[in-house]
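Architecture and fold: a report
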Amino acid sequence: MSFGDLLDQIGGMGRYQYLQVIMLAVPLLTMASHHLLQNFTAAIPDHHCKVNAVENDTRWTNSTLGSLEVLRAFVPLDGKQKPEKCLRYTTGHWGYVNPNAMEDNATRAHLEPCLDGWIYDPSEFASTIITEWDLVCDLQQMGQMAQSIYMSGMLVGSVTYGVLSDRYGRRIVIILGYLQIALAGSCAAFSPNYIFYCIFRFLTGMGLAAIGLNAISLMLEWIPSHLRATVMSIHGYCYSVGQISLGGVAYAIRDWRWLQLGVSLPYFICFLYSWWFAESARWQIIAGKTEAALGTLQRVAKINGKGEEGEKITLEILKCSMQQEMASVKSSYNAVDLVRTPAVRRISFCVAFLWFSTGFSYYGIAMDLQNFGVSVYLVQVIFGLVDIPAKSFCALAMTYMGRKGTQAGSLILAGIAILVNIFIPPEQQALRTSLAVLGKGCLASSFLCVTLYTGELYPTVIRQTGMGLGGTMSRGGSIVAPLVMITSKYFNFLPSILYGSAAFLSGISVCCLPETRNIPLPETMKDVKSRTNVSEKDQRENVPLRSTDV
């Protein structure tokens, strides 16, 4: 009898599993909000220099011209005939109030930086960290840096909490993760300066990595194998709904502090109800906590209305059914085990590349909403909406075609969409936006697939460490993605080339991985080796006959 048989005996997909899926899915609604929050809290409104001599210049106060026309006397125009964002005249040049006036080189020599600060257009964003701390012009990169720091927190959290959950269990890490997000996210809303804001965002990222990784493992280890893809799709839809709702919430709450607080406070509720979760019985058995595993199984059986069947499970039955797995478990496992054997090493290298390229390309597109030329609130909703059909197709493909083909296809198609967009003229905004939406949808599918695929590739003894590796590489990609955007001022298409190439090449690398559809989760390192050997044997047996063999 395997663990899957024990799970069927106590109800399979019963009441407990349904409640667990719902309660783990709710936090994903605001998880998406935290990931993409800086599209709004760090948005850069239209701005120009404050004019130092306006109050004392009677020509300003007595002028019958509009304020923008009068501003022309103090602020030069850029290449798009809009007020310069970072320069102003040292003195008023009233001759330029005439819209047909042309600026000469002598006048350009009388320019200076914005020594008295900036004026921001509040029509779209009432308040952002950019407007509050003047992160524009020479400091404009600080906004992108804050997003990279947040993603760095997720990277550190993936490494730290991935190892801790394999050692101490999934449940306690999830509980602490909810509390950390609630506290750090709320503190970020009251940050007195940019440094404190980055610190709290870093801690928030760590907490989100903790619940993201452990919610998946806790769910996979309680769900029958034939329903894993369906349940993962439900969680993927929740993330997409979170993206859609973020556009509406951000539109309603234009002040960045209140918006930050609004997406953080719900985690206090998640912290309270998370104590109800049962620890993973799979992990307890592998960790040698057989008595605790027995109690957990019997508790879940009662919730599922299978109390009598649960009582029939004894320590002897449990030990007998898991004897092979328990006998082969080492006293402890660590990150070195991800590369210790050839079979697991191959998986780890491919998984690392898949997660990095998906995170790199996904956030490269998702965090660049202001460059679409339309309302960022509308683009955010569109980007969220496209994820739903994309993930629906992904769920069907994973169920009927398998994980391997779905993973490869989503990444290759995303890479092609991004690379083709390079050759579309800038004035064809509709086509460019459509290709970007296609690429983003494919990358969302890739995220859904690689999350399930990774959990199925690694054995239970290092599954969370393997998920931590994937999360680490994804965060590494998402850290680099905003920084790559900076290179666009040197070569406009370089970010797109890098985003598209990474997705395309990682899609090709999937051929090195085995298929996992409808295959029981591996429990030990030996199981992974056996699965890999069988997969390679099948591939050899399925090689088509050459013409000389006919």
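Just so it is clear, the model here is predicted, and its values are computed rather than measured. (Residues numbered from 1 in each chain as written. Predicted model: local features only at pLDDT ≥ 70, side-chain atom pairs only at ≥ 80, totals over all residues. Heavy atoms only, no water.)

**What about helix α23 (residues 463–485)?**
The condition is simple: Counting from the N terminus, the helices are DSSP H or I runs at least four residues long and the strands are E runs at least two residues long. Helix span, as expected, comes to 1.5 Å for every residue beyond the first. Residue exposure (1.4 Å probe, protein chains only): buried if accessible area is under 20% of the type maximum, exposed if over 50%, otherwise partly exposed.
Between its first and last C-alpha atoms α23 spans 34 Å; for 23 residues at 1.5 Å apiece the expected length is 33 Å, and the two agree. Counting buried positions along α23 gives 19 out of 23 residues, so the element sits mostly inside the fold.

**Some remarks on the packing of helix α21 (residues 403–420) against helix α22 (residues 429–457)**
Applicable threshold: Between N-to-C directions, angles span 0 to 180 degrees; the directions come from axes that are lines fitted to C-alpha atoms, helices contributing only their stretch in contact. Oblique is the label for any angle not under 35 degrees, not over 145, and not in the 65 to 115 range, which are roughly parallel, roughly antiparallel and roughly perpendicular in turn. Here a crossing is called left-handed whenever its near helix is offset anticlockwise from the far helix by less than a right angle, and right-handed whenever the offset is clockwise. Any two residues having at least one pair of non-hydrogen atoms within 4.5 Å are treated as being in contact. Any residue outside Ala, Val, Leu, Ile, Met, Phe, Trp, Tyr, Cys, Pro, Asp, Glu, Lys and Arg is labelled polar, Gly included; the first ten of those are nonpolar and the last four are charged.
It is the contact of α21 with α22, at a shortest axis distance of 8 Å, that shows an interaxial angle of 155 degrees. The orientation of α21 relative to α22 falls into the category roughly antiparallel. The way α21 lies across α22 gives a crossing that is left-handed. Judged by residue contacts, Arg403, Lys404, Thr406, Gln407, Ser410, Leu411, Leu413, Ala414, Ala417, Ile418 and Val420 of α21 engage Leu435, Leu438, Gly439, Cys442, Leu443, Ser445, Ser446, Cys449, Val450, Leu452, Tyr453 and Glu456 from α22. Here the residues of the contact of α21 with α22 are counted per class, giving 14 nonpolar, six polar and three charged.

**Observations concerning the packing of helix α2 (residues 15–36) against helix α13 (residues 266–273)**
Relative orientation of the contacting elements α2 and α13 amounts to 155 degrees, with a least axis distance of 10 Å. Between α2 and α13, the angle is such that the two are roughly antiparallel. Helix-helix and strand crossings are classified by hand; for α2 and α13 the assignment is left-handed. Across from Met23, Val26, Pro27, Thr30, Met31 and His34 in α2, the residues of α13 making contact are Pro266, Tyr267, Cys270 and Tyr273. Taken together, the residues that form the contact of α2 with α13 break down as eight nonpolar, two polar and no charged.

**Digging into the state of the cysteines**
Where we set the bar: Any two cysteine sulfur atoms within 2.5 Å of one another count as a disulfide.
Inspection of the entire model under this criterion finds zero disulfides. Free cysteine cysteine 449: the closest other cysteine sulfur is in cysteine 394, separated by 5.0 Å. Judged by relative accessible area, cysteine 449 falls into the buried class, the value being 0%.

**Some remarks on the nonpolar core**
A general tendency of soluble globular proteins is for nonpolar side chains to be buried together. Using the following cut-off: Take the buried residues of types Ala, Val, Leu, Ile, Met, Phe, Trp, Tyr and Cys, join any two whose side-chain atoms come within 4.5 Å, and each joined set is a nonpolar core.
If you look at the biggest cluster of nonpolar residues, it comprises 113 residues, and the most contacted ones within it are Tyr178, Trp222, Tyr267 and Tyr363. Those residues within four positions of tyrosine 363 in sequence are excluded, and the remaining contacts are His35, Leu36, Met151, Tyr239, Phe447, Arg475, Ser478, Ala481 and Met485. One finds Trp118, Ile130, Val136 and Tyr194 within the second-largest nonpolar core, a separate group that totals 16 residues.

**Description of the environment of isoleucine 497**
In this structure, isoleucine 497 sits in helix α24 (residues 494–509). Residue class for isoleucine 497 comes out partly exposed when judged on its relative accessible area of 32%. Counting along the chain gives 82 residues from isoleucine 497 to glycine 415, while the straight-line C-alpha distance between them is 9.1 Å. Residue contacts for isoleucine 497: discarding those within four places in its chain leaves Leu419, Ile422 and Phe491.

**Concerning the packing of aromatic side chains**
To keep things clear, this is the line we draw: Stacked, tilted and edge-to-face are the three classes applied to pairs of Phe, Tyr and Trp rings, where Trp contributes its six-membered ring and a pair requires centres within 6.5 Å; stacked means planes under 30 degrees apart, edge-to-face means over 60, and tilted covers the rest. Two thresholds decide whether a charge sits over a ring: the Lys NZ or Arg CZ must be within 6 Å of the ring centre and within 35 degrees of the ring normal.
Going through the model one piece at a time under the given rule, you end up with 20 aromatic pairs. With 5.5 Å between their ring centres and 90 degrees between their planes, tyrosine 197 and tryptophan 256 make a pair best called edge-to-face. In this pair, tyrosine 197 is assigned in helix α10 (residues 194–220) and tryptophan 256 in helix α12 (residues 256–262), connecting sequence segments 59 residues apart. The same class applies to tyrosine 197 as to tryptophan 256, namely buried. Here a set of aromatic residues connected by ring pairs shows up, and it is made of Tyr16, Trp222, Tyr273, Trp276 and Phe277. Taking the ring centre of tyrosine 251 as reference, the NZ or CZ of arginine 254 above it sits at 4.4 Å. Sitting above the plane of the tryptophan 276 ring, arginine 299 keeps its charged end 5.7 Å from the centroid.

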